[in-house]
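A look at the structure
Chain residues, written in single-letter form:
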Amino acid sequence: MAVIHRTTMTPGKLELLASWLPAQSWHLGSGHEPQLTKAGGFRLDDPKGEVGIEFMAVTDESGGEPITYHVPLSYRGAPLPGADHALIGTSEHGVLGRRWIYDGTHDPVLVSQLLALILGEAEPQAQSVSNAPDPSVTAHFAEAGHAASISSMDVTNGPHGTDVRVLSGQVRPLTIRVNRVLRPEQAESTTHATPPLGHVTADWLLPDGAKMRGLYAVMRGTAPE
């Protein structure tokens, strides 16, 4: 179960994200330096207890209207080989020492656990409380025969989100769309060529305290190449 340490991180996560966000293809910034506040999210456990996994919602209030972004984060005690392009930054943790913080869509441990969550094989955990399941996070999957372990993954960033295509040696490849801009009660387009097989829904808070709810991730089947 996730253990949350009551300590400091230097630099902090919001400080690192403020530098990283404007360079992303899905960023909708106004040209001003981001003014970020934590808006919500949840965690998942790494079965081996080595990688921290957080799905963070942050709101940017630098423009005319607040925009809430979804950033999956993985925290590691050493660099992830071959993932320099996905490194958000390093930070000194008051208990764990230096941590390498990655855009988690490129981290196979985070992606495996996100897949497990959608398949009903992982339990979402509270973002800021140790050993506390978060029942407000819900997942759904409509097809049998898949396994959460993955043999390969391919990541594509676009203007609307990040697509992670995973192979698991099971029924067929799957693509997980990580929604990067969160919208209240966000519904999937009925014109999409491939209907969704599963999704993850969770809450976040607006700056005025209003609670919003929408899709953090959506999964579809992918035709084999």
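What you are looking at is a predicted structure, and each value in this text was computed from that prediction instead of being measured.

The rules we used
- Residues numbered from 1 in each chain as written.
- Predicted model: local features only at pLDDT ≥ 70, side-chain atom pairs only at ≥ 80, totals over all residues.
- Heavy atoms only, no water.
- Buried < 20%, exposed > 50% of the residue type's maximum accessible area, 1.4 Å probe, protein only.
- Helix = DSSP H or I, 4+ residues; strand = E, 2+ residues; numbered from the N terminus.
- Pairing = 2+ DSSP bridges.
- Core = buried A, V, L, I, M, F, W, Y, C linked by side-chain atoms within 4.5 Å.
- Contact = heavy atoms within 4.5 Å.
- Axes fitted to C-alpha atoms, helices over the stretch in contact; angles between N-to-C directions.
- Salt bridge = Lys/Arg side-chain N within 4 Å of Asp/Glu carboxyl O.

So, on to the pairing of strand E10 (residues 174–179). Taking burial as the measure, the six residues of E10 include five buried ones, the bulk of the element. Two elements, strand E9 (residues 161–167) and E10, share six bridges in a ladder whose sense is antiparallel. Note that in E10 the partner of Asp 163 across the bridge is Arg 177. Strand direction decides the pairing type here: E10 and strand E12 (residues 211–221), joined by five bridges, are antiparallel. Paired with Ile 176 across the bridge in E12 is Met 219.

Time to look at the environment of Leu 167. Among the secondary structure elements, Leu 167 is positioned in strand E9. Along the backbone, Leu 167 and Ser 152 are 15 residues apart, and their C-alpha atoms lie at a distance of 5.2 Å.

Moving on, we get to the nonpolar core. In summary, soluble globular proteins display a tendency toward joint burial of nonpolar side chains. Counting residues in each nonpolar core, the largest one holds 32 residues, and the members touching the most others are Phe 42, Leu 114, Ile 176, Val 200, Tyr 216 and Met 219. Core analysis: the second largest hydrophobic core is formed by 17 residues, Leu 17, Leu 21, Tyr 75 and Ile 88 among them.

Right, let's talk about the sheet that holds strand E1 (residues 9–10) for a bit. The pairing of strands in a sheet comes from backbone hydrogen bonds and takes either a parallel or an antiparallel form. Strand order in this open sheet of six strands is E1-E5-E6-E4-E3-E2, and the pairing throughout is antiparallel. The two strands at the open ends of the sheet, each matched to only one other strand, are E1 and strand E2 (36–44). Inspection of the sheet shows strand E4 (residues 67–76) paired to strand E6 (residues 97–103) by four bridges, in the antiparallel sense. Bridge pairing in E6 places Tyr 75 opposite Ile 101. Along the sheet face, helix H1 (residues 13–20) touches E1, E2, strand E3 (52–60), E4, strand E5 (87–93) and E6 and points at about 160 degrees away from the line of E5.

Within this structure, the stated rule accounts for seven salt bridges. When the shortest N-O distance is used, the salt bridge between Arg 76 and Asp 107 registers 2.8 Å. Taken together, the positions of Arg 76 in strand E4 and Asp 107 in the loop between E6 and helix H2 (108–118) put the pair 31 residues apart, joining distant regions of the chain. We classify Arg 76 as buried; its relative accessible area is 15%. Here the salt bridges do not stand alone but share partners, grouping Lys 13, Arg 43 and Glu 54 into one network.

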